[in-house]
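Secondary and tertiary structure notes
So the chains spell out like this:
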Amino acid sequence: MALSAPGIGSNLDVNNIISQLMTLERQPLAALDNKEAAYQAKLSAYGTLKSALSTFQGSVHGLSNLSKFQAVKASPADATVLTASAMSNAVPGNYAINVTQLAKSQTVMADGKADMTSVIGNGTLTFQFGTISGGSFDSGTGHYTGATFTQDAAQASKTVTIDATNNNLQGIRDAINAAAVGVTATIVNDGSATPYRLVLTSNATGAASSMKISVSGDAALQNLLAYNPAGTQNLAQTSTAQNAALTVNGVSVTGSSNSISGAIQGVTLNLLKDASSTTLTVTRDSASVQTAVQSFVDAYNSLNKVLNDMTAYDAATKQAAVLQGDFTVANLRNQVRSTLNSTIAGLSGNYTLLSQIGVSFQSNGTMKLDSSKLQAAVSSNFADIAGLFADTGKPSDSLISYSSATTKTTPGSYAVNVTRLATKGTLVGAAAANTTISAGSNDTLTFAIDGVTASVTLTAGVYTAATLAAMVQSAINGVSAFSSMGVSVAVTESAGVLTLTSNRYGSASTVSVTGGNGATDLLGVAPVSTAGLDAAGTINNVTASGAGQYLTGATGDVSEGLKIQVTGGSTGARGTVNYSQGYAYKLDRLMDGFLASTGPLSSRTDGITSSIKDINSRREALNRRLVDIERRYRIQFASLDKMMSSMNQTSNYLAQQLANLPK
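1. Some words on the overall build of the protein chain
- Helices and strands together make up the secondary structure of the protein chain, namely 12 helices and 40 strands.
- Along the first, second and third principal axes, the C-alpha atoms of the protein chain reach 165 × 65 × 55 Å.
- When burial is assessed residue by residue, the protein chain has 41% of its 663 residues classed as buried.
- In the protein chain, once contacts between residues fewer than 6 apart in sequence are set aside, the share between residues at least 24 apart is 72%.
- Total accessible area on the protein chain is roughly 31400 Å²; 51% of this is exposed by carbon and sulfur atoms.
- Here the protein chain contributes 40 positively and 38 negatively charged side chains, and the mean placements of these two sets differ by 13 Å.

Okay, here's the thing in structure tokens:
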């Protein structure tokens, strides 16, 4: 008969005995749990460290930008007259500014209509922009007499199609606005018997933004909107386009908009009020430099505190921090300190160490900024401070500019020799152009420019060679297929022969005519197309790669990735470019290495994660083994229990037999 519960036959507490035995068997599990807890603590600490390094990198990355240390302020005495902004190349000084007039845009108005929904007509509107000169203007009629209109080649011609979907006054307004031709259309109700007037305003200010509107199609549409300041004027001018006019320290300055750049080097003036005067003070923004350097110091001190907390040892409690003695953290700390204590290689200027501008280490390992020393450095050598923090290149030739570098570029001074200047692609006509353009006869051409092909429709009319060149340039640059790809040309003429020049430099710069009914009239039978050439030369006496106006240091050389722009000058030796990497830039790159997916922190955390997975595998195996051990114990004790039960029965039987023996 089977026993109903362990220990009944032997009177032993089998469950308790097995429980105690299993507690001993589970001791390796506790060791694994402790080891996993230690690994999890390290994993959490590395996560905190990664977060701290990422925050530190964000701070130094922002400080690796030159502009952080080259800010200049432009402060007007009277902000109601103008506001101003300054770039890093602005020259400090005081400027007297007198604003004579503000720039304005042209507005023209159509005759009134009885309603906005009656059909007017279909056709095409072509908008051109330019300057109205000569003759006289009657403010009563809003018309010019004896004036001329000279198209501005820099402003693209645009067209608007009027068809059955938009051929009323309201539709024409909406079509013009939707086409983004540089004109805003509105409808004004003047309260008369025919109150609805279409009003067109040029979006650009300045005398060169006056409008000329050519209309092809139905007569009613032409009678409403055709406008040529030098001819038929079916619109009346209500506001005259004009340039801004001002003096800067007594020198007359004009501009097409109320935002004037270039009158004062590196300064943009935003004019607000005419017939008024003020003074402008341009100064170096030393406060922004103080803030930037203090931010650098604070960022380092924050990181340093995290590293200290993670590696500290409390002698009182005899407790070590989680990463105390960790090689990866020690290596990180050493590399950061080594970077900050090194001299900036390749840096030309008065400062090559942080201590020279007032940044120093304290005995407790923190950084401190001496604001007075930094201010003295700002006052004496403002331009040299940026190089201590950002990566920068300084060419000795004014017609060579530093563009960029890569992580493979080694700091140093590199000689530059230019063997060829970059050129632009051109298309030169084979004969003088026909200056009369007729719709449907010689008004279309197809051009391939910088790898983009599109058709162009010229505006019909009788031109001079100069005005034809301006119209062709405007028409080409107004084609969206070109403008959307950043493709444009400049068109000039000499003895009536047109030359089209791509505004791009290098071997990718090409201009050719591939078809159209006006190709021969405009450019002759066999116009000559010449592709542009890339700049060529050496950097560090090694042949550089050329692309447009840019030369880039050769692969495998210490100058690899150093990119400079040659904007002019002559061929031959062109001085040097000093390339340097400031502290913020180098620390940014250092953090890249530590935080990379293949970096030491990821390698360390991957190793810890792998160890935790191994512990879990061992725990699962041990738990399976413990189940088997407990089963074996229970089988063994069940056998013992059965055996002892049998022995007890035998003992009882013998005792009974002995008791029955005769005495």
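2. Side note on empty space enclosed by the protein
- Per the stated rule, a full pass over the model turns up 1 cavity of 30 Å³ or more.
- Breaking the lining of the largest cavity down by element, the ones donating at least two residues are helix H5 (286–311) and helix H6 (327–341).
- By residue number, the principal contributor to the lining of the largest cavity is H5, which donates 4 residues.
- Class assignment of the residues belonging to the lining of the largest cavity gives a composition of 4 nonpolar, 1 polar and 2 charged.

3. Describing unusual backbone geometry
- Positioned with a positive phi, Asn249 is a non-glycine residue whose angle comes to about 50°.
- Assignment of secondary structure puts Asn249 in the loop between strand E14 (244–248) and strand E15 (251–255).
- For Asn249, a relative accessible area of 44% translates into the label partly exposed.
- Of note in this structure, Asn541 is not a glycine but carries a positive phi near 65°.
- Among the secondary structure elements, Asn541 is positioned in the loop between strand E35 (536–539) and strand E36 (542–543).

4. Looking at the side chain of Ser210
- Note on placement: Ser210 falls in strand E12 (residues 210–217).
- A relative accessible area of 4% means that Ser210 is categorised as buried.
- Sequence-distant contacts of Ser210, that is, excluding residues within four places in its chain, are made with Gln106, Gln128, Phe129, Gly130, Ile132, Phe149 and Ala241.

5. Comments concerning the packing of aromatic side chains
- According to the stated counting rule, one finds 5 aromatic pairs in the structure shown.
- Aromatic side chains Phe296 and Phe389 sit 5.1 Å apart centroid to centroid with 80° between the ring planes, which places their arrangement in the edge-to-face category. With Phe296 in helix H5 and Phe389 in the loop between helix H7 (371–385) and strand E23 (391–395), the pair connects residues that are 93 residues apart, well separated along the chain. Each member of the pair, Phe296 together with Phe389, is buried.
- Ring geometry for Tyr402 against Tyr579: centres 6.1 Å apart, planes inclined by 35°, an arrangement best described as tilted. Placement of the pair is Tyr402 in strand E24 (residues 400–404) and Tyr579 in strand E40 (residues 572–581), with a sequence separation of 177 residues. Pair check on accessibility: Tyr402 and Tyr579 agree, each one buried.
- A cation over a ring is seen here: Arg337 above Phe361, with NZ or CZ 4.0 Å from the ring centre.
- Of note, Lys563 hangs over the ring of Tyr550, and the distance from its end group to the ring centre comes to 4.7 Å.

6. Quick word on the sheet that holds E36
- Strand order in the open sheet formed by 5 strands is E23-E40-E25-E35-E36, with antiparallel pairing between adjacent strands. Where the open sheet ends on each side, the last strands, each with one partner, are E23 and E36.
- Note that E35 and E36 share 2 bridges and pair antiparallel. The residue of E36 that forms the bridge with Thr538 is Thr543.

7. Notes on helix H1 (residues 14–25)
- Taking 1.5 Å per residue as the helical rise, H1 with its 12 residues ought to reach 16 Å, and the 16 Å between its terminal C-alpha atoms agrees with that figure.
- By the burial criterion, the buried members of H1 are Val14, Ile18, Met22 and Glu25. All buried residues of H1 project into a common sector of 65° when viewed along the axis, lining one side.
- Where the residues of H1 are buried, they touch helix H2 (27–63) and helix H12 (600–660).

8. Description of the packing of H2 against H12
- One way to put it is that H2 packs onto H12 with a least axis distance of 10 Å and a crossing angle of 160°. For the element pair H2 / H12, the angle class is roughly antiparallel. Between H2 and H12 the crossing geometry is left-handed.
- Residues of the contact of H2 with H12, tallied by class, amount to 14 nonpolar, 7 polar and 8 charged.

Cut-offs used in this document
Residues numbered from 1 in each chain as written. Predicted model: local features only at pLDDT ≥ 70, side-chain atom pairs only at ≥ 80, totals over all residues. Heavy atoms only, no water. Helix = DSSP H or I, 4+ residues; strand = E, 2+ residues; numbered from the N terminus. Buried < 20%, exposed > 50% of the residue type's maximum accessible area, 1.4 Å probe, protein only. Contact = heavy atoms within 4.5 Å. Areas by Shrake-Rupley, 256 points an atom, 1.4 Å probe, with all protein chains shown as cover. Lys, Arg positive; Asp, Glu negative; His and termini not counted. Charge placed at Lys NZ, Arg CZ, Asp CG, Glu CD. 1 Å grid on protein atoms, 1.4 Å probe; cavity = no way out; pocket = protein on both sides within 12 Å on 5 of 7 lines; lining within 4 Å. Points joined across faces, edges and corners; volume = space filled by probe spheres on them. Nonpolar A, V, L, I, M, F, W, Y, C, P; charged D, E, K, R; others polar. Phe/Tyr/Trp six-rings, centres within 6.5 Å; stacked < 30°, edge-to-face > 60°. Lys NZ or Arg CZ within 6 Å of the ring centre and 35° of its normal. Pairing = 2+ DSSP bridges. Expected span 1.5 Å × (residues − 1). Arc of directions from axis to C-beta. Axes fitted to C-alpha atoms, helices over the stretch in contact; angles between N-to-C directions. Parallel < 35°, antiparallel > 145°, perpendicular 65-115°, else oblique. Left-handed = near helix turned anticlockwise from the far one by under 90°.

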